[in-house]
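Spelled out from the first residue to the last, the chains are:
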Amino acid sequence: MKNNQKEIIYYGKIEHNNWSMYLAATDNGLCYVGSQDKGLDEIETWTAKKRADAKLIHDEEKINVYKKQLVSYLDGERKEFDLPVDLKGTAFQESVWEALQHIPYGKTVSYMDIAEKIEKPKAVRAVGAAIGANPVMILVPCHRVIAKDGKLIGFRGGIPMKERLLALEQG
């Protein structure tokens, strides 16, 4: 990308079976999955903070490939995604997000499990913060991370959305 060119982030919306969320992608892949029933301002705020030089453009066509796989997942038909993601975070965040992608469908792990997986067992709080900063929930399945005692805590999309995703995966 030339210096004078702004990164373009395309966005669109899933509205399917009581699910409603915005998606955003660059030419490199999905970069943001919005929270259930949140408005466009959620993506605008994230873009301003994390990709300040980017330009947001509404383009359902560019989002369709992502939408199709997510709708298939939300319908209980798909257990894995084969979509490119465009994640930009710190090295630590990216190591956490990578570990999340290895949690099997329908399973849950604790924040401590993730901290141990990335070989930073004392960094449980930092792991929690990195998980909270995950921009592509569902594809990078942070909803599968729960407290050591089994409680559902800390999900950007809200606990009701987390419960719904886990229930979907439990069949």
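Relevant structure appears above.
Residues numbered from 1 in each chain as written. Predicted model: local features only at pLDDT ≥ 70, side-chain atom pairs only at ≥ 80, totals over all residues. Heavy atoms only, no water.

Draft legend 1. How the structure looks around the side chain of threonine 47. Tracing the backbone through its elements, the reader meets threonine 47 in helix H1 (residues 41-50). Once residues within four sequence positions are removed from consideration, threonine 47 is found in contact with Ile9, Ala52, Ala54 and Leu56. (Helix = DSSP H or I, 4+ residues; strand = E, 2+ residues; numbered from the N terminus. Contact = heavy atoms within 4.5 Å.)

Draft legend 2. Fine view of the side chain of serine 110. Structurally, serine 110 can be placed in strand S5 (residues 109-110). Apart from the residues within four sequence positions on either side, serine 110 is in contact with Val145, Ile146, Ala147 and Lys148.

Draft legend 3. Here's a closer look at the layout of surface pockets. Its boundaries defined by the atoms lining it, the largest pocket holds a volume of some 270 Å³. What lines the largest pocket is a set of 16 residues, among which Glu80, Phe81, Gln101, Leu139 and Pro141 lie closest to the centre. Of the residues in the lining of the largest pocket, the class split is 10 nonpolar, 2 polar and 4 charged. (1 Å grid on protein atoms, 1.4 Å probe; cavity = no way out; pocket = protein on both sides within 12 Å on 5 of 7 lines; lining within 4 Å. Points joined across faces, edges and corners; volume = space filled by probe spheres on them. Nonpolar A, V, L, I, M, F, W, Y, C, P; charged D, E, K, R; others polar.)

Draft legend 4. Seen up close, unusual backbone geometry. Notably, asparagine 17 is not glycine yet its phi reads approximately 45°, a positive angle. Relative to the elements of secondary structure, asparagine 17 occurs in the loop between strand S1 (8-16) and strand S2 (19-26). In this model, aspartate 37 sits at a positive phi of 60°, which is unusual for a non-glycine residue. Structurally, the position occupied by aspartate 37 is in the loop between strand S3 (29-33) and H1. The exposed category is assigned to aspartate 37, whose relative accessible area is 59%. (Buried < 20%, exposed > 50% of the residue type's maximum accessible area, 1.4 Å probe, protein only.)

Draft legend 5. Region of interest: empty space enclosed by the protein. A complete count under the given rule lists 1 cavity of 30 Å³ or more for this structure. Counted as a void, the largest cavity has a volume near 50 Å³. Considered class by class, the residues forming the lining of the largest cavity number 4 nonpolar, 3 polar and 2 charged.

Draft legend 6. Structural detail: the packing of aromatic side chains. Applying the stated criterion across every chain, the model contains 4 aromatic pairs. When the ring of tyrosine 73 is compared with that of phenylalanine 81, the centres are 5.5 Å apart and the planes differ by 45°; the resulting orientation is tilted. Judged by centre distance (6.1 Å) and plane angle (85°), the ring pair of tyrosine 73 and tyrosine 105 falls under edge-to-face. Taken together, the residues span a long stretch of sequence, with tyrosine 73 in helix H2 (residues 60-74) and tyrosine 105 in the loop between helix H3 (91-100) and S5 at a distance of 32 residues. Over the face of the ring belonging to tyrosine 10 we find lysine 62, whose NZ or CZ atom lies 4.9 Å from the ring centre. (Phe/Tyr/Trp six-rings, centres within 6.5 Å; stacked < 30°, edge-to-face > 60°. Lys NZ or Arg CZ within 6 Å of the ring centre and 35° of its normal.)

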